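Below, each chain spelled out in residue letters.
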Amino acid sequence: MALPEGRYGKPRRALPKWARWSLPVIAVLVGSLVAWVGWQNLGTAPVEAKQTAFRVLDPGSVEITFEVVRETPDKPVVCIVRARSDDGDEAGRREVLVPPGATRVYPKTVLRTSKEATTGEVFGCSYQVPPYLSTR
């Protein structure tokens with residue numbers, strides 16, 4: 001049955017054959033790219049660190065020992081350590097350069113604090129060593 005002319009507008013044209021197969025391919029490629037970027041940024045960390053010990057030396061300093069496990073031991077790592085006071089405030093922070101070496105290392109550092117610390121912890125580590133900490 002034919003539709004009355006002019007009543008429903010022009011009939012819709014079908015998509016060209018190339019568009020029917022290329023749009024799903026583009027969607028799969030974009031989805032794969034998003035998944036890869038997400039995995040790179042949120043996947044397993046190539047450097048992991050955890051605090052193993054701390055010792056309050058005096059009201060203005062704390063000694064922190066931490067463990068660093070890295071996938072690429074021939075690259076230097078920068079770790080941020082911090083001290084926290086009894087009220088939870090950050091009392092001190094420092095960047096520590098961990099030079100190339102073993103896969104698992106236990107660096108130790110003394111951190112100066114603005115007030116008496118009750119804990120020392122490692123905040124995180126990265127292979128992105130700033131130039132002012134570089135050993136080169």
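The rules we used
- Residue numbers here run from 1 along each chain, matching the order of that chain's written sequence.
- Local features in this predicted model are restricted to residues of pLDDT 70 or higher, and side-chain atom pairs are both shown and tallied only at a pLDDT of 80 or more, whereas totals for entire chains, interfaces and linings draw on every residue.
- Excluded from the side-chain calculations are hydrogens and water; all other atoms, namely the structure's heavy atoms, are used.
- Classification of residues uses two cut-offs on accessible area relative to the type maximum, computed with a 1.4 Å probe and protein chains only: under 20% is buried, over 50% is exposed, and between them is partly exposed.
- Put simply, DSSP marks the helices as runs of H or I at least four residues long and the strands as runs of E at least two long, and each gets a number from the N terminus on.
- DSSP bridges decide pairing: two strands pair if at least two such bridges lie between them.
- The contact criterion used throughout is that any non-hydrogen atoms of two residues lie within 4.5 Å.

Within strand β3 (residues 77-85), seven of the nine residues are buried, leaving the element largely enclosed by the surrounding structure. In the sheet, β3 pairs with strand β4 (residues 90-98) via eight bridges, with the strands oriented antiparallel. Bridging from a neighbouring strand, I80 pairs with E95 of β4. The hairpin turn running from β3 into β4, its antiparallel successor, is four residues long, and G88 in that turn takes a positive phi close to 95 degrees. Sheet analysis places β3 next to strand β7 (residues 117-126), joined by eight bridges and oriented antiparallel. Paired with A83 across the bridge in β7 is G120.

Note on placement: E63 falls in strand β2 (residues 61-70). A residue is classified by how much of its surface remains accessible, and E63, at 15% relative accessible area, is buried. Once residues within four sequence positions are removed from consideration, E63 is found in contact with A53, F54, R55, L57, K108, T109 and V110.

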